[in-house]
Amino acid sequence: MGKIKLFNEGDVILTNPAEGFWGIAVVLSEREKTENYHPMCHIAITPIIRNHKIEFSELKIEELKPLEFERVYALKNVEDFSKNEICIGVYTRRNKENIEIIGSINPKIVYDGPLPFDPWSDLEIKWPLCGEPTKSLGREAYITWKKHKTETEN
């Protein structure tokens, strides 16, 4: 088995969040392996969804921004509620599934705010720990796209 490639800061990732659909994510930061953690990175999911494989040349870099995703919660004995989230997560840098990298950019164009790695509860800004990036990375963008498509058809 060959060495697993790592995601690097600025990588533009071609996602495949649903059969027949592709999206874009961007690696915002990177951190080397520590005694307690694998190498880690922050990945932003963008709202871009297409029904064809996206080429780097068709992207408008200045329009790449993290998706604002409305997550709906349905909890037992509690009325359903939703919360808007910026779609940035902490992932390992290990690209175990050989997700395609189509280019590289300055990630500060996408997001220039704080990017803490540690999920301490006293931080003003925190990002969810999402584990290993998978082929369905960017599922939130597909869900948002499908929801808006349905709303405009009705």
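Scroll up to find the structure this text is about.
This section reports on the structure supplied with the text. (Residues numbered from 1 in each chain as written. Predicted model: local features only at pLDDT ≥ 70, side-chain atom pairs only at ≥ 80, totals over all residues. Heavy atoms only, no water.)

What about the pattern of salt bridges?
Here the idea is simple: oppositely charged side chains can pair when their charged atoms come close. A complete count under the given rule lists six salt bridges for this structure. Taking the shortest distance from any N to any O, the salt bridge between R93 and E32 comes out at 3.2 Å. Remark: E32 occurs in the loop between β2 (21-31) and β3 (40-50) and R93 occurs in the loop between β6 (88-92) and β7 (101-104); sequence separation between them is 61 residues. Residue R93 is classed as buried on the basis of its relative accessible area of 2%. (Salt bridge = Lys/Arg side-chain N within 4 Å of Asp/Glu carboxyl O. Helix = DSSP H or I, 4+ residues; strand = E, 2+ residues; numbered from the N terminus. Buried < 20%, exposed > 50% of the residue type's maximum accessible area, 1.4 Å probe, protein only.)

Description of the packing of aromatic side chains
Summed over the entire model, instances satisfying the criterion amount to four aromatic pairs. Where F21 meets Y142, the ring centres are 5.1 Å apart and the plane angle is 50°; that geometry is what we call tilted. Here F21, found in strand β2, pairs with Y142, found in helix α1 (residues 139-153); they are 121 residues apart in sequence, far enough to count as distant. With respect to burial, F21 and Y142 carry one shared label: buried. With centroids separated by 5.8 Å and ring planes inclined at 85°, the aromatic side chains of Y111 and W127 adopt a geometry described as edge-to-face. Residue Y111 is located in the loop between β7 and β8 (129-131), and its partner W127 is located in the loop between β7 and β8; the two are separated by 16 residues in the primary sequence. Each member of the pair Y111 and W127 is classed as buried. Through successive ring pairs, a cluster of aromatic residues spans F21, Y142 and W145. In this structure, R31 packs its charged tip against the face of F117, placed 4.6 Å from the ring centre. (Phe/Tyr/Trp six-rings, centres within 6.5 Å; stacked < 30°, edge-to-face > 60°. Lys NZ or Arg CZ within 6 Å of the ring centre and 35° of its normal.)

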